[in-house]
Amino acid sequence: MLKKVFCILLCAACLLGVLAACGRDTADESSAVSDTSAAGAGSILTDSLGEKNLDGFTLRILSTTENKDGGFAFGTSQFIPDENEPGVVSDAIMERNNLIEQTYNCKIDVRFTAAYEAFVTKVTNDYMAGSIDYDVIASGISSNGLSALAGNGYLEDLNAIEGSYLRLDQPWWDQQAVEGFSIDGKLFFINGDLLLTDDERTCMLFFNRDLIEENQLEDPYALVEDGKWTVDKLYEMARAAAVDGGDGQMDVEGGEDTWGLIGAAFDTYKLVLGCNAPMVSKDENDLPIVTMLDEHNVAAFNKVYSMMSDKDHVAYLENYYRWDDWENGTKFYNQFYEGRALFYANLIGSLNSQSMQNSSVRFGVLPLPKYDESQTNYACTIDPYAFTCIALPKTGSGNLDKITFMLEAMAYYNSEEVVDLYYETTLKLKRLNADDNKAEEMLDIIFSNRIIDLANIYNWEDCIQYYNQLLVNNSGVVSFLEARSDQLQNAIDSTVELFRKLQ
């Protein structure tokens, strides 16, 4: 979704400050947006939408991604920025809202609510009471988010809306998600250029460039470019860099040991998906089928398992502390920020964390490694709990044409005016090390090779925990998965049947 070359077509009258900040010369460029920046209600923002007067309609968004109290970067500003919030991205989104509201005689409004179970409970109660007073919901897609609401039949099928203005085959909607999220031809939530917090929750690896040099290891960037960045290579380098601090025992206390790789137990699953080995795939009829027992998938897990269970070179959080022990968790992950870990599995959004910004570590960014060199593409999965998508709750309001019109206008505008600002000025210029001339290429690879696993999203039979349980309990892989495969497929089939009854 973010592979476009950086050639932004900005509104000349409104974004001169942005052009100065970016150091770009676009004096001779024009766009559909700049042509209509002073247009009145009903004028054309883009030819695909045409003229329309929305008669003062207010698009009401309910979101769980408010960026305050340590929450999402861009969670609030991707919808309605605070007028005092600095930054070219916020400025561009504010200009988007102003332009769309003036052009089509409408308003954009957003309010925020608690996430996860509280969010699902609120929407469920509002639905049952017939009191939904919002048009769009934005939240994570896990089983305590949008997928739970889809499974209960509370969301509109985006592929079946009559008169919809959503052009879901266009590049401003995430085409990997359009294909990956659908089940039996039905699509209940989507992401794309309209949002920024989906990109923030994409998985990747950090590495310590100084430790690479000190240990005279191969350049990870060159390995990625040559198609040789694999789990075996990651493990080889992790073993080479891990060093006992002198007490004869590798541990996370005392601050003396250096680790090859740190992360969490759930990173096992992420690294397996990096091997292009999803637990659930889809057949030619767009129906989910269990693939976790396929030969490649079992081999991928065994390879990742061998690495993650190596306590002399790899440390994962749950081997020392509870997953929700925030104080010790912070101390644990500080091993990377303090220069005592070669690799660290995390999310793109952690580039914006105070820990990373205040760290003296010269870090680099990498896609998740391949299973082996024969794997065609790298594959980077997502954090389903906070990977933001939008959905339309069933309300019977009769305003789906206006709702889809405004969402399409917002997404199209972002594709022309906002996404590259986020990508180029925030991710590449502000968050990466200034002397790292390869990290930009790695971000391109990460974003253009996202992998969707429906098991990760719908969590049928609590399958999202299977690989965690295998790692922690040291169980036999095949016997463990065989004992659960039929139940998992039955749960999937039940969801398919439910969706069919919604027609």
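Small disclaimer: the values here were computed from a predicted structure and weren't measured.

Engineer: What am I meant to see in the overall build of the protein chain here?
Structural biologist: Helix and strand counts for the protein chain come out as 20 helices and 11 strands. Among the 503 residues that make up the protein chain, the fraction classed as buried is 59%. Across the protein chain, every contact between residues at least 6 apart in sequence was considered, and the portion connecting residues at least 24 apart equals 76%. If you sum the accessible surface of the protein chain, you get close to 19900 Å²; carbon and sulfur atoms cover 44% of it.

Engineer: Got a minute to help me understand helix H3 (residues 88-104) in this structure?
Structural biologist: Given 3.6 residues to a turn, an α-helix orients residues that are three or four positions apart in the same direction. End to end, H3 covers 24 Å across 17 residues, agreeing with the expected 24 Å (1.5 Å per residue, within 8%). Within H3, 13 of the 17 residues are buried, which leaves the element mostly enclosed by the surrounding structure. Phi turns positive one or two residues past the end of H3, at Asn105, with a value near 55 degrees.

Engineer: Would you mind going over the packing of aromatic side chains with me for this structure?
Structural biologist: The relation between two aromatic rings is expressed through the spacing of the ring centres and the mutual angle of the planes. All chains considered together, the criterion is met by 29 aromatic pairs. With 4.9 Å between their ring centres and 25 degrees between their planes, Phe301 and Tyr467 make a pair best called stacked. Taken together, the residues span a long stretch of sequence, with Phe301 in helix H12 (residues 295-308) and Tyr467 in helix H19 (residues 466-473) at a distance of 166 residues. Residue Phe301 is classed as buried on the basis of its relative accessible area, which comes to 1%. Among the residues examined, Tyr467 registers a relative accessible area of 1% and is labelled buried. Here the basic side chain of Lys52 rests over the ring of Phe405, its NZ or CZ set 5.9 Å away from the ring centre. The ring of Tyr235 has Arg239 sitting right over it, with the charged end atom 4.2 Å from the ring centre.

Engineer: Which parts of the structure should I look at to understand the packing of H3 against helix H16 (residues 419-431)?
Structural biologist: For any two helices packed against each other, the geometry comes down to the angle between their axes and how far apart the axes lie. Two numbers describe how H3 lies on H16: the axes approach to 9 Å, and their chain directions differ by 165 degrees. Judged on the interaxial angle alone, H16 and H3 are roughly antiparallel. Once H3 is placed against H16, the crossing between them reads as right-handed. Mapping the contact onto sequence places Val88, Val89 and Ala92 in H3 and Leu421, Tyr422, Thr425 and Thr426 in H16. Residues that form the contact of H3 with H16 fall into these classes: 5 nonpolar, 2 polar and no charged.

Engineer: Explain the pattern of salt bridges to me, please; I cannot follow it from the model alone.
Structural biologist: Side chains that carry opposite charge are capable of pairing whenever their charged atoms lie near each other. In this structure the tally under the stated criterion is 25 salt bridges. The salt bridge partner of Arg500 is Glu497, with a shortest N-O separation of 3.3 Å. Placement of both Arg500 and Glu497 in helix H20 (residues 477-501) is noted, with a separation of 3 residues, approximately one turn of the helix. According to the relative accessible area criterion, Arg500 is partly exposed, its value standing at 36%. Several salt bridges share partner residues, and in doing so they unite Arg209, Asp210, Glu213, Arg362 and Asp435 into one network.

Engineer: Please explain H20 as it appears in this structure.
Structural biologist: In this model, H20 (25 residues) spans 36 Å end to end at C-alpha, consistent with the 36 Å of a helix rising 1.5 Å per residue. By the largest-angle criterion, Ser485 marks the main kink of H20, which is about 40 degrees. If you check which residues of H20 are buried, you get Val477, Phe480, Leu481, Ser485, Leu488, Ala491, Ile492, Thr495, Val496 and Phe499. The inward-facing, buried residues of H20 abut helix H5 (146-151), strand S6 (280-282), strand S7 (288-290), H12, helix H18 (454-458) and H19.

Engineer: Just checking my understanding: could you explain the packing of H16 against helix H17 (residues 439-448) for this structure?
Structural biologist: Where H16 meets H17, the closest approach of the two axes is 11 Å, and the angle between their N-to-C directions is 120 degrees. Relative to H17, the element H16 lies oblique. The handedness of the crossing between H16 and H17 is right-handed. Counting all contacts with H16, which are made through Tyr423, Leu427 and Lys428, the residues of H17 involved are Glu440, Leu443, Asp444 and Phe447. Looking at the contact of H16 with H17 residue by residue, the class counts come to 4 nonpolar, no polar and 3 charged.

Engineer: What is the right way to look at the sheet that holds strand S10 (residues 363-366) in this model?
Structural biologist: Paired through their backbone hydrogen bonds, the strands of a sheet run either parallel or antiparallel. With respect to topology, 5 strands assemble into an open sheet ordered S8-S5-S9-S4-S10, the strand pairing being mixed. The sheet terminates laterally at strand S8 (314-316) and S10, the two strands that pair on one side only. Direction aside, the axes of adjacent strands within the sheet are offset by 25 degrees on average. Sheet topology note: the strand S4 (residues 203-208)/strand S9 (residues 341-347) ladder contains 5 bridges and is antiparallel. Residue pairing for S9: Phe206 is matched across the bridge by Tyr344. Contacts between helix H13 (residues 326-337) and the sheet are confined to S4, strand S5 (259-263), S8, S9 and S10, with S9 contributing the most and set at about 120 degrees to the helix.

Engineer: Whenever I open this one, unusual backbone geometry confuses me. Can you help?
Structural biologist: Note: most residues except glycine have negative phi, and most peptide bonds are trans. Although it is not a glycine, Asp55 adopts a positive phi angle of roughly 55 degrees. The topology assignment puts Asp55 in the loop between helix H2 (32-35) and strand S1 (57-63). Here Glu461, not a glycine, exhibits a phi torsion of approximately 55 degrees, which is positive. Relative to the helices and strands, Glu461 resides in the loop between H18 and H19. Classification of Glu461 by relative accessible area gives partly exposed; the value is 43%.

Engineer: Would you explain the sheet that holds strand S11 (residues 389-391) in this entry?
Structural biologist: Taken together, 4 strands build an open sheet; the order of strands is S2-S1-S3-S11 and the sheet is mixed. Looking at the sheet topology across the chains shown, the edges are occupied by strand S2 (106-112) and S11. Sheet twist, expressed as the mean angle between neighbouring strand axes with direction ignored, is 25 degrees. Pairing between S1 and S2: 7 bridges, direction parallel. Following the sheet pairing, Ile61 is matched in S2 by Val110.

Engineer: How should the environment of Ala222 be read in this particular structure?
Structural biologist: Here Ala222 is to be found in helix H9 (residues 220-225). According to the relative accessible area criterion, Ala222 is partly exposed, its value standing at 27%. As a C-alpha pair, Ala222 and Lys438 span 216 residues in sequence and 9.2 Å in three-dimensional space.

Each value, and the rule that gives it
- Residues numbered from 1 in each chain as written.
- Predicted model: local features only at pLDDT ≥ 70, side-chain atom pairs only at ≥ 80, totals over all residues.
- Heavy atoms only, no water.
- Helix = DSSP H or I, 4+ residues; strand = E, 2+ residues; numbered from the N terminus.
- Buried < 20%, exposed > 50% of the residue type's maximum accessible area, 1.4 Å probe, protein only.
- Contact = heavy atoms within 4.5 Å.
- Areas by Shrake-Rupley, 256 points an atom, 1.4 Å probe, with all protein chains shown as cover.
- Expected span 1.5 Å × (residues − 1).
- Phe/Tyr/Trp six-rings, centres within 6.5 Å; stacked < 30°, edge-to-face > 60°.
- Lys NZ or Arg CZ within 6 Å of the ring centre and 35° of its normal.
- Axes fitted to C-alpha atoms, helices over the stretch in contact; angles between N-to-C directions.
- Parallel < 35°, antiparallel > 145°, perpendicular 65-115°, else oblique.
- Left-handed = near helix turned anticlockwise from the far one by under 90°.
- Nonpolar A, V, L, I, M, F, W, Y, C, P; charged D, E, K, R; others polar.
- Salt bridge = Lys/Arg side-chain N within 4 Å of Asp/Glu carboxyl O.
- Bend = angle between axes of the 7 residues up to and from the residue.
- Pairing = 2+ DSSP bridges.

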